[in-house]
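# Architecture and fold: a report
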Amino acid sequence: MRKFIGLMVVMTALAAGATAALADPYGMAGCGLGSMAFDAKPGAIQILAATTNGLFGTQTFGISSGTSNCTDTGGGSRSAKAFIQTNREALAKDISRGGGETVTNLATLSGCPDATAVGSTLQRNFATIFPGATVSDVAVSDNVVAVLRSDASLSCTRLQ
């Protein structure tokens, strides 16, 4: 058992060190403990990274605190787009409902004072944001930011 724990500590340290050397510090699973443990390696390993992030809730914590490979949390268009792309599926569900945790976090990153109004606006524009099932993550993030920018009543100050 001690050998196993020692091996896990060494693997975690190596993964964290390797991750720091990459330009894009996480893979498709996004940032969080999973990105630190499994690196940005493509393929099925990203399922393990996403599962790790989900089980321990490290992605949400990392995004809000700027830790666990979750950088650029100061807000603005770039940060909002990265958040949208990383959390696309959860955000799509929350947009369809008109609110939720991901909409609230997006409103905060975008400098929008009223997350409820953001949720309502995004819900009304669902078809514009998600014009088809195969729309790319980049297109979705561009569409969300465009919708938020186009509604001056939302006052999303970090998207200007």
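The subject of this paragraph is helix α6 (residues 88-97). Buried residues of α6: R88, L91, A92, D94 and I95, and no others. Buried-residue contacts for α6 involve α5 (77-86), α7 (101-110), α8 (115-124), α9 (126-129) and α10 (137-150).

Right, let's talk about α10 for a bit. The end-to-end C-alpha separation of α10 is 20 Å, in line with the 20 Å expected for 14 residues at 1.5 Å each. Listing the buried residues of α10 in full gives V140, S141, V144, V145, V147 and L148. Burial along α10 is one-sided: seen end-on, the buried residues are contained in an arc of 160 degrees.

Moving on, we come to the state of the cysteines. By the definition in use, this model includes 1 disulfide. Between the sulfur atoms of C112 and its disulfide partner C156 the distance amounts to 1.9 Å. Where C112 bonds to C156 through sulfur, the torsion about that S-S bond is close to 110 degrees, and the disulfide is right-handed. Here C112, found in the loop between α7 and α8, pairs with C156, found in the segment after α10; they are 44 residues apart in sequence, far enough to count as distant.

The share of residues in the protein with pLDDT of 70 or more is 71%, and the mean pLDDT across the chain is 79. In this model residues 6-23 is a low-confidence stretch, pLDDT under 50, and it forms 11 contacts with partners more than four residues away in sequence or in other chains.

This part covers the packing of α7 against α8. At a minimum axis distance of 9 Å, the contact between α7 and α8 shows a crossing angle of 110 degrees. On the basis of their axis angle, the class for α7 and α8 is roughly perpendicular. In terms of crossing hand, the pair formed by α7 and α8 is right-handed. Facing V103, T104, L106 and A107 of α7, the residues of α8 in contact are A115, V118, G119 and L122.

Let us look at the pattern of salt bridges. Using the criterion set out here, one finds 3 salt bridges in the structure. The salt bridge partner of D142 is K81, with a shortest N-O separation of 2.9 Å. In this pair, D142 sits in helix α10 while K81 sits in helix α5, placing the two residues 61 residues apart along the sequence. Accessibility expressed as a relative area gives 35% for D142, which makes it partly exposed. K81 gets classed as partly exposed once you look at its relative accessible area, which sits at 26%.

Formed by 24 residues in total, the largest nonpolar core has its most connected members in I95, L106, V118, L122, I129, V144 and L148. Sorting the residues of this core by element identifies α5, α6, α7, α8 and α10 as the ones contributing at least two each. In terms of residue count, the dominant contributor to this core is α10 (5 residues). Excluding its chain neighbours within four sequence positions, the residues that come into contact with I129 are I95, L122, V140, N143, V144 and V147.

Rules behind the numbers
- Residues numbered from 1 in each chain as written.
- Predicted model: local features only at pLDDT ≥ 70, side-chain atom pairs only at ≥ 80, totals over all residues.
- Heavy atoms only, no water.
- Buried < 20%, exposed > 50% of the residue type's maximum accessible area, 1.4 Å probe, protein only.
- Helix = DSSP H or I, 4+ residues; strand = E, 2+ residues; numbered from the N terminus.
- Contact = heavy atoms within 4.5 Å.
- Expected span 1.5 Å × (residues − 1).
- Arc of directions from axis to C-beta.
- Disulfide = S-S within 2.5 Å.
- pLDDT = per-residue confidence, 0-100.
- Axes fitted to C-alpha atoms, helices over the stretch in contact; angles between N-to-C directions.
- Parallel < 35°, antiparallel > 145°, perpendicular 65-115°, else oblique.
- Left-handed = near helix turned anticlockwise from the far one by under 90°.
- Salt bridge = Lys/Arg side-chain N within 4 Å of Asp/Glu carboxyl O.
- Core = buried A, V, L, I, M, F, W, Y, C linked by side-chain atoms within 4.5 Å.

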